[in-house]
Amino acid sequence: MTDRRKYLILMGAILAAVVGAVLLAVPGSPIHRKATLGLDLQGGLEVVLKAVPPKGQSVDQTGMQTAQSIIQNRIDKLGVSSPEVRRQGPDQIVVELAGVHDPAKAAALIGKTAQLMIFDFEPDLAGPSVSTAGHPLATPSLYDLLTQIQTQAKKGTPEFYYLFRNKTTTTPAKKKGGKPTTSTTHSLLQGPAQTKADLLHPYGGKVPADAQVLLVPSHRLVVSCPAANGCPGATVNAPTYYYLFKYDPNAPNGPPEIAGKDLNTSGIRADIDPSSGQWITLLAFTGHGGKQFQNITKAEYQRGQQAAALAGVAGNRDQTTVTTYAGHSAIVLDGVLESTPYIDYTDSSLQNGIAGGNAQITTGSQASAKNLALVLQTGALPYNFQQIERTDVSSTLGKDSLTQAWHAALVGLIVVAIFLLVLYRFLGLVAVFGLAIYAALYYAAILLFNVTLTLPGFAGLILTIGVAADANVVVFERIKEEVRSGKSVRAAISAGYGKGFHTILDANVVTAITAAVLFLIAVASVKGFALMLLIGTIISLLTAVAATRAMLGLLSGFRWFDNPRFMGAHGQQTAKWLQIDFMKRRYLWFAISGVIIVAGAVSLGVRGLNLGIDFKGGTQLSFKTHVAQSTNTIRQIAAADGQPDAVVQGTGTATNGKYTSWQVRTKSLNSSKLSTLTSDYQREAGAYASGSKDVSASFGRQITRDAILGIIVSLALIIVYITLRFDIKFAVPVILAMIHDILITVGIYSLVFKEVTVDTVAAVLTVLGYSIYDTIIIFDRIRENVPLMRRQPFATIANVSLWETIRRSLATTFITLLPIIALDAIGGSTLKDFAFALIIGVTSGAYSSIFIAAPLLTIWKEREPDYARRRQLAGGDGTTDGKAELALRQSEKALAEEPTPELIDVVTATPSEPSAQARREKRRQRRRSRPHGRAR
């Protein structure tokens, strides 16, 4: 197969993928999908949950923090990207969800208490739910069950309260002269509640005229059982049955014998029962839970044997007989009997119970099994939560800010395209087409993976634009080097991709490691950033290796393409003003960084960070306006009162993008500032029905811990990868440079006292991604030059490597900053803060790659005996005439061996055999590198 044919097939496959991507985005197409925007860009659903504590307990700060963390974890595992969970007042949690298709189902799952209890079924039944022979009796009516125990319930302190509505209806006589019939129905209005006050709270503390309060005796618990779950002792047809259980959760061994705290959440999972083929949720226990499970299963085994012996069927192994006399466990979740597994008393291997065994709950469907596993994995909520409000909320940025963001992104991409065209001429045009292909495939991936687009996600998007452009820049610079050395354009393209591929691969793998670890460990906005970065990194590698390679492969066959000036490869590779001795001035760079870091540390110690609402919580002001207002109008009023970073959301139904109901979250306001803000809204926006509440941080401690853990794990994996691909001495400067960048970013935020928000977290993560990528590119060139500069001090090798790559570093930094600068210039106040965070991150990452990482590597490598000797021979500063070395290397590029693209050949053509002249040049190069060869 010819080279041209291979490239044509490859381009055909890429164009087919692009067409599919376009069809995904075009409304009306059979595969059209709509992008999901996050809460900050399009709004979503807000659910307000109120905590109801167990009897005898009260709601406290610790319990609410635990509940917030559990609900946050549930939502993330539910697959909702960028949720917002915050506490409001002393006993409420507000959950905001974006991209939820079934709000009712999601809200029910979020608020599920997950109170799991396992009873020894038959002995733990009480009152009317067990016969004199010890067999279970299921009651088809909750009202009937409770009326049988009212006398007992009134003797002590009731455990629970229920409220029923009693409705009497009269049916006329069917025959003339007959008597009409009356019937009374009893419907549950409220309950179970742990106090009578809680039960009657919705009714003003009074029992409605047509209602009745029924009590549950002390140390008793009512459990419902849907008929589909198989309820032992059911004798009549009913949709739901009820049991009364003995209940003493404070006793060491129950009942219930096993509670939620006895579960090992890491062993809980959804699975298929091999015997029945049904979906189940497997439960796993802790050490104490395993012992308890063994005790009750042993008791059930013995009970089954005794019952069968009394009936004279002890030797009968018939399945119906076994199930009739077997002892059961009762698995109860949130007051519902989910399953009653039994012990086969004819199996002698079970006579001592099941040691540390697992239980299972049959759910029937895959979705039910996974949802139940999710709830149990995240743990039980410390309180019951009642949904007291559910409403739609607008985006926090507003439609105007979203429009500005898209305009800024478009302007930024156009400017990037112009920059590439000016810098690389026709190669720039190829890069622009490559970026267009990248953008189409990237957007298609966002649609296919149902990624929720948020403002921090845009940070990942902007960073990947730089990464995607940089992959082309790396190769183009290589191609231009080869052209300057005298190769034909066709040979230069093959050599450029052959040498550039490993560089691109290393840089992308390290970036992908960071993104993947953050995605797996972190939650909320951090997860959104990581996913956007991971998708973009993979697609940028694909487009650089395949798309632009195929385009250049096709074009290189034309004679008009073989022109160095046509692709900007004429003249000198590195401008003279950039050929400074970086290594000689290493301590100057360290001093500059040191001054900034020390200043930042002093600022942190004196006044700390200006933490925003995301981290510290604040005050939420709610009000209505007589006339519908825009988000921008409400935000401007807050900004005029000294709250430029207020989070503004319209609630309820919108009219032409405007709202009459509002909630504004600011930093904590004292009574004076709150009164001023309220008065200004009344005067300027016609606000009324105002109220305020304290709200907690939405970016909680758990999210912060997870983000930090993700960074630590990714750093460890990066050290391993760089050690395997390079050397441990290359890995340490990479990590130190990243730490340097984080310190610089945090210090600058403290110095300028900019508010720290979730966007700031995205900026710090951008630092990690960009710094790693840029540093690996430079280190890869150093590694390449080490065997080619066998007599030079390491400082010279580092200098030459930097001179050879600095055009790429500066070009990539500029390309990445262009859309951010456009965002800062065009975007509103909220977007300007976001742009500032990204500018700090990208600039710091570029600086450290050149001025920190390479000098650190040089200092360490110069301690090796060989390089120490070279340094002594060269002079005190350890450098030789690097400019002469660079000129010599550029003039003798053609002497280097022809590239072997290796993995590139999987998708591209294999280069032809080296010419006789090339082989002669290789032999000359080998002679030069020998110790007795001619000195350079």
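Our subject in this report is the structure included herewith. Because the structure is a prediction, the values reported are computed rather than measured. Residue indices begin from 1 for each chain and proceed along its sequence in written order. pLDDT decides what is reported in this predicted model: residues at 70 or higher carry local features, side-chain atom pairs at 80 or more are listed and counted, and totals for whole chains, interfaces and linings draw on all residues regardless. Here the side-chain values reflect all heavy atoms present in the structure, with hydrogen atoms and water set aside.

Orientation is described by axes fitted as lines to C-alpha atoms, over the contacting stretch for helices, and by angles from 0 to 180 degrees between their N-to-C directions. By definition, any uninterrupted DSSP run of H or I lasting at least four residues is a helix, any uninterrupted run of E lasting at least two residues is a strand, and each is numbered from the N terminus. Contact geometry for helix α16 (residues 586-606) and helix α21 (residues 728-752): axes closest at 8 Å, N-to-C directions at 50°. Of the possible angle classes, the one that applies to α16 and α21 is oblique. Viewed along their axes, α16 and α21 form a crossing whose handedness is left-handed. Residues S593, I596, I597, A599, G600, S603 and L604 of α16 pack against H740, L743, I744, V746, G747, I748, S750 and L751 of α21. Roughly parallel here means an angle under 35 degrees, roughly antiparallel means over 145, roughly perpendicular means 65 to 115, and every remaining angle is called oblique. Left-handed describes a crossing whose near helix is turned anticlockwise from the far helix through less than a right angle; right-handed describes the clockwise counterpart. A contact between two residues is defined here by any heavy atoms of the two lying within 4.5 Å.

A few words on the pairing of strand β21 (residues 647-651). Side-chain direction in a regular strand flips from residue to residue, so the side chains alternate between the two faces of the sheet. Among the five residues in β21, five count as buried, and that is most of the element. Classification of residues uses two cut-offs on accessible area relative to the type maximum, computed with a 1.4 Å probe and protein chains only: under 20% is buried, over 50% is exposed, and between them is partly exposed. Residues V647, Q649 and T651 of β21 are buried on one face, and the alternating residues V648 and G650, pointing to the opposite face, are buried as well. Judged from the five bridges that link them, β21 and strand β22 (residues 659-666) form a sheet pairing that is antiparallel. Considered in β22, the bridge of Q649 is made with Q663. Note on pairing: DSSP must find at least two bridges between two strands before they are called paired.

Quick look at the environment of L810 now. Mapping L810 onto the fold places it in helix α23 (residues 794-826). Judged by its relative accessible area of 40%, L810 is partly exposed. In this structure the C-alpha to C-alpha distance between L810 and Y847, which are 37 residues apart in sequence, comes to 9.8 Å.

What follows deals with the side chain of N610. When you line up the elements, N610 lands in strand β19 (residues 610-611). Overall, N610 belongs to the buried group, its relative accessible area being 11%. Definition of a polar contact: a pair of N or O atoms within 3.5 Å, with one able to donate and the other able to accept a hydrogen when the atoms are protein atoms, and with sequence-neighbouring residues admitted only if both atoms are side-chain atoms. At a separation of 3.2 Å, a polar atom in the side chain of N610 contacts the main-chain carbonyl oxygen of F753. Not counting the four nearest positions on each side in its chain, N610 is found in contact with K667, F753, K754, E755 and V756.

What characterises a pair of aromatic rings is the spacing of the ring centres plus the angle enclosed by the ring planes. Between the rings of Phe, Tyr and Trp (Trp by its six-membered ring), a pair exists once the centres lie within 6.5 Å; its type follows the angle of the planes, with under 30 degrees stacked, over 60 edge-to-face, and the other angles tilted. Applying the stated rule across the entire model yields 20 aromatic pairs. Taking the centre distance of 6.4 Å and the plane angle of 65° together, the rings of Y243 and F245 count as edge-to-face. F245 sits in the buried class, given a relative accessible area of 0%. Considering the side-chain rings of F730 and F779, the 5.6 Å spacing of their centres and the 80° angle between planes classify their relative orientation as edge-to-face. One end of the pair, F730, is in helix α21; the other, F779, is in helix α22 (residues 758-785), with 49 residues separating them in the sequence. An aromatic cluster is present here, built from F119, F121, Y243 and F245 joined pairwise through their rings. Just above the ring of F836 sits the side chain of K754; from NZ or CZ to the centre is 5.0 Å. Sitting above the plane of the F726 ring, R783 keeps its charged end 4.1 Å from the centroid. Sitting over a ring, as applied to charges here, requires NZ of Lys or CZ of Arg to be within 6 Å of the ring centre and within 35 degrees of the ring normal.

To continue, consider unusual backbone geometry. A cis geometry characterises the amide bond from G191 onward to P192, with omega recorded as 5°. Tracing the sequence through the fold places P192 in strand β7 (residues 181-193). Phi is positive for H219, which is not a glycine, with a value near 60°. Examined against the element boundaries, H219 turns out to sit in the loop between β8 (211-216) and β9 (220-226). Its relative accessible area of 42% is what places H219 among the partly exposed residues. The backbone phi angle of D334 is positive, close to 50°, even though this residue is not glycine.

Right, let's get into the pairing of strand β12 (residues 269-272). Where β12 meets strand β13 (residues 279-283), four bridges bridge the pair, whose relative direction is antiparallel. Bridging across to β13, R269 finds its partner in L282.

This part covers the packing of helix α18 (residues 631-640) against helix α19 (residues 671-685). Where α18 meets α19, the axes come as close as 10 Å, and the angle between the chain directions of the two elements is 135°. Accordingly, the angle class assigned to the pair α18 and α19 is oblique. The two elements α18 and α19 cross, and the hand of that crossing is right-handed. Note on element contacts: α19 touches α18 through L677, D680, Y681, E684 and A685, opposite I634, I637 and A638. Residues are sorted three ways: Asp, Glu, Lys and Arg are charged, Ala, Val, Leu, Ile, Met, Phe, Trp, Tyr, Cys and Pro are nonpolar, and all the rest, Gly among them, are polar. Class assignment for the residues of the contact of α18 with α19 results in six nonpolar, no polar and two charged.

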